[in-house]
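# Coordinate analysis (summary)
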Amino acid sequence: MKGKTIGWYLAILLVMATGFNSYGQNTGTRKSQKRVEDAASKARKDSLELVQKIDSARKEPRQKDTVTVDQLNKIEVYANQLSEMVAYFNRGIDTVEVLEEIRSIENQIELGKIGVGKSITDPNLRNLTANEILLVGVESELETWQKHVSAYNEELLHMRNLLDSIQQDPILRVVPQDKALAQQYLTRIVDLKRRYNPVDSMNKVAMVEVGLLQGRIVRNLLEVKDNLANIEQQVKKIRKNFFNRDAPPIWSSPELKDDTSVMGISMQKAWLVLKYYLRNSMGASIIVLLLFFVVFYFTRVMIRRLQSIHKEFVLENFAPHIKTSIVFSSLFVTSSAAQFMYSNIPMVVLQVLWFVMWISITILFWPDLNKQWKRIWIGFGLMYLWACYENLVLRSSPTERWSMLLASAAGIALCLHMMGVYKRGNNKAQYFTFFAWLFLIQESIGFLANVAGNYTLARSMVVSGFFNFIMGVIFFFGITLIKELIVISFEYFSRNKSVNSYVNLVELKERAEKFLPTLAWIFWAIIFAKNLNFYDIVIDTLAAFFNTERKLGNIDFTFGSVAIFFVTIWISTLIAQLVSFLLGGNKSQIASIQKTRFGSSILVLKLVIISLGLLVAFAASGIPLDKITIIIGALGVGIGFGLQNIVNNLVSGVVLAFEKPIEIGDQVEVGTFVGKVKEIGIRSSKLATFEGAEVIIPNGDLLNQHVVNWTLSNNHRRVEIIVGVKYGTNLKEAQTILQDILKANTAIDAHPTPLVLVHLLNQSSIDFRLLFWADIASWVELKSEIIVSIDEAFRKAGIEIPFPQQDIYIKQMPGGI
């Protein structure tokens, strides 16, 4: 009976092992079907071996059944883990798909190698720059795949360790004595084995495939790095020989038969450069899109607001171009800013942004141009499009060189015609003449260099000439557009009292309009340097100069750290001044100086900004903190010898900031000076007198002297007027008239109640004293108005205002004289 039972167990094992093949086919994915079939075949063989081991174990002494529960639990845990592994393989990396991606990347590497090796006869600086950006993008993508594959490999290693631990677990090799438990054990162990074998096979296959992928990725990364190093050397060589002849004269230039293929490769490479750059600059692109929507939204809101309050004349006369199209106005502003928001921006991206700016300006200013200027602008637009096309070509050819020669000649002719039209129009825009002459110089140099065989110089001059001229004109068209936007913003925010209390809009508008031309020149200079390939040279030269370590005695330093220190302090000071200006600390006229919500807290804010700037300067420049103690010690000695007054004024400024005896906009009297506080500085403060002068008072004097502050707690003051009437006047009637005048004037405060008192019995008059309270900003005008009213009222009532008189009596002297 016992032998029959064991035989029955063996039959079950054989049946279950035979059915493993169908199970293995259902657990794998479609792409790993063959692996699962191989794993099932191996599992069938292992199941037969397991039956033999169990049969031999039957003849050995049986152990106790104390481990049966642990065995079953362990089998259940292992079964769940194997199921999770199968699920991971189903959703994990598809190595076939990854391999296809790697092959696509390898094709892009081959594309990025064109024009980098020794075989090329005319290396193109634009091509090398495009190759560099392309290979950098490929390198980034390879590194990303390397991280994914490495993470997958780590997971496979973890699975391998787990599978080995399952296989080597001794508790699974013990057969229970009880027949029922033994049957349950054998059933589960066979099921576990059926799960284990395909997972084990898939893990081994995947580890081999992943290892091959990792090796392939590493090889490609090394190749990319070698090509990037080679590109760097060739770029330096080309820049060094920029003015040397690098091609035969144009009439003896050899034919190049693959112009079409070169252009196709150029377009393909330009597209890949654009794709990789925008992918790697996703953060900047999102910021640019947000900037566009913000500019568009607020411009639309401001225009609608002005239209709703019947400010249509402002839009018609001061912002006609923005009103023409809010979309293209926003596109121009966003594109202008975008080219300076990206780092190491390639020419293909710049050309896209410049094209958007050109289209926007053309649409916005097209109605302002007459027929002649419209034809000229279209002509330069077509030349600009040719320059964009030419800038993407990788290698020179006779067709390209003749095309470049004709383009430069056509550009010179068009520019001369434009200058004639410009002079006949009596225009006064000096910048326009500058751009025209610069364009003529560049195109002439490019024409001659192309004929002589200096291809690199010719290409750079001809193409950049069109770019520089178009962008120069566009930028200064843009100044008009930005000024219109400032006018709209000024009109919109000038109605907002809360904004007016914080920001001096009038002065902000004036300063912005003055700064715009300077900003446009700076932007254009950067573009000019980039177009002529001088930008990187200048940056590299400056970087080498500032980063070279130097010694001064025992001190090691670089000019870069020194520059960082002073630039950081300068920027912090500039920010402090900007904050002071925006929050109302700098008003140009006495009438515009008003109390701000921040008051002398501006000084505290300025002190905080400058202090933080000083700490950041020390940290950024790398100056050790122990050197700061030396500086502080030297300052202490200087204070002891001759800086007492300066330190006194600095400390007094801090006291003024926290104690607040005076605020910006307060009307004060300091010594013999009367006026309004214009600025509370760190060392001194400014007092704007009513005569128009600005008095600079050290902060120490404001604390040491008696300062009369008329507006410390309120903006009202008591006004006194002395009015005399002649003797014999009805005083009650005169007093009633004066009281009625004060009550009728709404500018006089009702509380405290105005008073009319009989003041003095003077020599020639009885004087009344009028006392009333009024706003300090208008009390002088109000006093004049009250005096005029008193004179008119007394004339109507027949009351005379006397003036001093003397009667001279001449007596006759003895003697008849």
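Structure shown above.
Computed from a predicted structure; not experimentally measured.

### A closer look at the overall build of the protein chain
The secondary structure content of the protein chain amounts to 27 helices and 10 strands. Put simply, the protein chain has 817 residues, and 43% of those count as buried. Pairs at least 24 apart in sequence give 77% of the contacts found in the protein chain among residues at least 6 apart. In the structure as shown, the protein chain presents an accessible area of about 44800 Å², 61% of it carried by carbon and sulfur atoms.

### Description of the packing of aromatic side chains
For the coordinates displayed, the defined rule picks out 26 aromatic pairs. Aromatic pair Phe 292 and Phe 293: ring centres 5.4 Å apart, planes at 65°, arrangement edge-to-face. Assessed through its relative accessible area of 51%, Phe 293 is described here as exposed. Seen from their ring centres, Trp 377 and Phe 477 are 6.2 Å apart, and the 80° between their planes marks the pair as edge-to-face. Here the residue Trp 377 occupies a position in helix α14 (residues 371-391), and Phe 477 occupies one in helix α17 (residues 455-493), the gap between them amounting to 100 residues. When the ring centre of Trp 710 is taken as origin, the NZ or CZ atom of Arg 717, which lies over that ring, is 4.2 Å away. The ring centre of Trp 779 lies 4.0 Å from the NZ or CZ of Arg 717, which sits over that ring.

### Considerations on the packing of helix α12 (residues 326-338) against helix α13 (residues 347-365)
Following both chains from N to C, one finds α12 and α13 inclined at 150°, their axes separated by 9 Å at the closest point. Taken together, the axis directions place α12 and α13 in an arrangement best described as roughly antiparallel. Remark: the crossing between α12 and α13 carries left-handed chirality. Touching Phe 328, Ser 329, Leu 331, Phe 332, Ser 335, Ser 336 and Ala 338 of α12 are Leu 353, Val 356, Met 357, Ile 359, Ser 360, Ile 361, Ile 363 and Leu 364, all from α13.

### Concerning the sheet that holds strand β10 (residues 766-775)
With antiparallel pairing, 3 strands are arranged side by side in an open sheet as β8-β10-β9. Every other strand in the sheet has two partners, leaving β8 (716-725) and β9 (755-761) as the edge strands with one partner each. Taken pair by pair, the neighbouring strands of this sheet meet at an average axis angle of 30°, ignoring direction. In this sheet, β10 lies alongside β9 in antiparallel orientation, the contact comprising 6 bridges. Across the sheet, Val 756 pairs through a bridge with Leu 770, a residue of β10. Where helix α26 (residues 731-744) meets the sheet, it contacts β8, β9 and β10, and its direction lies at approximately 15° from that of β10. Against the sheet, helix α27 (residues 779-797) makes contact with β8 and β10, and its axis sits at roughly 25° relative to β8, the strand it touches most.

### Observations regarding the pattern of salt bridges
Scanning all chains against the criterion turns up 11 salt bridges. Residues Arg 769 and Glu 720 are paired through a salt bridge, measuring 2.4 Å at the closest nitrogen-oxygen approach. Of this pair, Arg 769 sits in strand β10 while Glu 720 sits in strand β8, and the two are 49 residues apart along the sequence. For Arg 769, a relative accessible area of 23% gives the class partly exposed.

### Considering the sheet that holds strand β3 (residues 667-670)
Taken together, the 5 strands give an open sheet; going across it, the order is β6-β5-β4-β3-β7, and neighbouring strands pair in antiparallel fashion. Among the strands making up the open sheet, the edge pair consists of β6 (694-698) and β7 (707-709). When strand polarity is set aside, the average angle formed by the axes of neighbouring strands in this sheet is 40°. Where strand β4 (residues 673-680) meets strand β5 (residues 684-689), 5 bridges bridge the pair, whose relative direction is antiparallel. Within the sheet, the bridge partner assigned to Gly 675 lies in β5 and is Thr 689.

### Quick word on α26
In this model α26 runs 20 Å from its N-terminal to its C-terminal C-alpha over 14 residues, within 8% of the 20 Å that 1.5 Å per residue would give. Considered for burial, the residues of α26 that qualify are Ala 734, Gln 735, Ile 737, Leu 738, Ile 741 and Leu 742. An end-on view of α26 places all buried positions within 160° of arc, on one side of the element. More than 90 degrees from the buried face of α26, the exposed residues found are Lys 732, Lys 743 and Ala 744. Contacts from the buried residues of α26 go to β9, β10 and α27.

### Here's the deal with the pairing of β10
β10 sits mainly inside the fold: 7 of its 10 residues count as buried. Two successive antiparallel strands, β9 and β10, enclose a turn made up of 4 residues.

### Things to note about the nonpolar core
If you look at the biggest cluster of nonpolar residues, it comprises 130 residues, and the most contacted ones within it are Leu 142, Trp 354, Phe 380, Met 418 and Ile 474. Here this core gets 20 residues from one element, more than from any other, and that element is α17. Counting residues in hydrophobic clusters, the runner-up holds 24 residues, among them Val 719, Ile 737, Leu 782 and Ile 790.

### Here's the deal with helix α5 (residues 95-112)
Helix length check: α5, at 18 residues, gives a terminal C-alpha distance of 25 Å against a target of 26 Å (1.5 Å per residue), a fit within 8%. Among all positions in α5, only Thr 95, Val 98, Ile 102, Ile 105, Glu 106, Gln 108, Ile 109, Leu 111 and Gly 112 are buried.

Criteria and thresholds
- Residues numbered from 1 in each chain as written.
- Predicted model: local features only at pLDDT ≥ 70, side-chain atom pairs only at ≥ 80, totals over all residues.
- Heavy atoms only, no water.
- Helix = DSSP H or I, 4+ residues; strand = E, 2+ residues; numbered from the N terminus.
- Buried < 20%, exposed > 50% of the residue type's maximum accessible area, 1.4 Å probe, protein only.
- Contact = heavy atoms within 4.5 Å.
- Areas by Shrake-Rupley, 256 points an atom, 1.4 Å probe, with all protein chains shown as cover.
- Phe/Tyr/Trp six-rings, centres within 6.5 Å; stacked < 30°, edge-to-face > 60°.
- Lys NZ or Arg CZ within 6 Å of the ring centre and 35° of its normal.
- Axes fitted to C-alpha atoms, helices over the stretch in contact; angles between N-to-C directions.
- Parallel < 35°, antiparallel > 145°, perpendicular 65-115°, else oblique.
- Left-handed = near helix turned anticlockwise from the far one by under 90°.
- Pairing = 2+ DSSP bridges.
- Salt bridge = Lys/Arg side-chain N within 4 Å of Asp/Glu carboxyl O.
- Expected span 1.5 Å × (residues − 1).
- Arc of directions from axis to C-beta.
- Core = buried A, V, L, I, M, F, W, Y, C linked by side-chain atoms within 4.5 Å.

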